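Okay, here's what each chain looks like letter by letter:
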Amino acid sequence: MSPTDDSRAARSERKRAYKEAAVPMGIYVIRNRVNGKVFLGHSINLPAMFNRIRFEFAQRMHRVPELQADWDRYGEAAFSLEVLDQLPPLEEPGATPPVEELKVLEGMWLERLKPYGDAGYNTPPRP
């Protein structure tokens with residue numbers, strides 16, 4: 001086996017391990033530590049979601065204009081991104097993520113925190 005073949009095999013093994021690694025999924029909150037408001041959401045890949053959120057803020061294109069305005073006003077240091085709850089990792093690599101379970105869990109957290117109006121950035125549920 002040549003050194004090139006060995007590095008290809010190692011790279012292929014790292015790639016396979018990465019794809020099979022358990023990705024944390026669950027409920028997250030963006031917390032404004034200045035005014036106490038929060039934005040609650042769910043994701044099947046929390047680390048990727050946190051990267052996306054930071055990118056959206058940096059590009060000034062977050063989907064919640066009021067949250068973007070506060071981020072611009074107070075700066076990144078005034079906010080925290082936190083995991084509130086996680087689902088257990090999938091047993092089988094490539095299994096379908098439990099999106100419905102995440103939505104139910106998110107609904108429970110929305111009911112608990114009520115992040116609407118003066119308390120948060122989420123859109124209130126329709127009556």
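Structure shown above.
Residue indices follow the written sequence of each chain, beginning from 1 at its first position. Totals for whole chains, interfaces and linings use every residue, but because this is a predicted model, local features are given only for residues with pLDDT of at least 70 and side-chain atom pairs only at 80 or more, for both listing and counting. The basis for every side-chain value is the complete set of non-hydrogen atoms in the structure, without hydrogens or water.

## Topic: the side chain of Asp-70
Counted only if it meets this: A run of H or I in DSSP becomes a helix once it reaches four residues, and a run of E becomes a strand once it reaches two; helices and strands are each numbered from the N terminus. Each residue is assigned to one of three classes by its accessible area relative to the maximum for its type, calculated with a 1.4 Å probe on protein chains only: buried under 20%, partly exposed between the two thresholds, exposed over 50%. Residues adjacent in sequence count toward polar contacts only when both atoms are side-chain atoms; beyond that, a polar contact is any pair of N or O atoms within 3.5 Å, and within protein one must be able to donate a hydrogen and the other to accept it.
Tracing the sequence through the fold places Asp-70 in helix 3 (residues 65–74). On the basis of relative accessible area, Asp-70 is assigned to the buried category, the value being 6%. Of note is the side chain of Asp-70, whose polar atom sits 3.3 Å from the side chain of Asn-35.

## Some points on the pattern of salt bridges
Under the convention used in this document: Definition used for salt bridges: Asp or Glu carboxyl oxygen within 4 Å of a side-chain nitrogen of Lys or Arg.
Applying the stated criterion to the full structure yields eight salt bridges. Among the ionic pairs, Glu-56 bridges to Arg-52, the shortest N-O distance being 2.9 Å. Of this pair, Glu-56 and Arg-52 both sit in helix 2 (residues 46–58), separated by four residues, roughly a single helical turn. Classification of Arg-52 by relative accessible area gives partly exposed; the value is 43%. Salt-bridge contacts for Lys-114 lead to Glu-111; the nearest nitrogen and oxygen are separated by 2.8 Å. A single salt-bridge network, built from bridges that share partners, covers Arg-52, Glu-56 and Arg-63.

## A word on the nonpolar core
For clarity, the cut-off: Among buried residues, those of type Ala, Val, Leu, Ile, Met, Phe, Trp, Tyr and Cys that are joined through side-chain atoms within 4.5 Å constitute a nonpolar core. Whether two residues touch is decided by their heavy atoms; if any such pair falls within 4.5 Å, the residues are in contact.
Ranked by internal contacts, the top residues of the largest apolar core, which has 15 residues, are Tyr-28, Ile-30, Phe-39, Ile-53, Leu-67 and Phe-79. Elements represented by at least two residues in this core include exactly strand 1 (25–32), helix 2, helix 3 and strand 3 (79–87). Ranked by residues supplied to this core, first place goes to helix 2 with five residues. Here Ile-30 is in contact with Lys-37, Val-38, Phe-39, Ile-53, Phe-57, His-62, Leu-67, Phe-79, Ser-80 and Leu-81, once residues within four sequence places are set aside. Met-25, Ile-27, Leu-40 and Leu-105 belong to the second largest nonpolar core, which has eight residues in total.

That is the geometry; function is a separate question.
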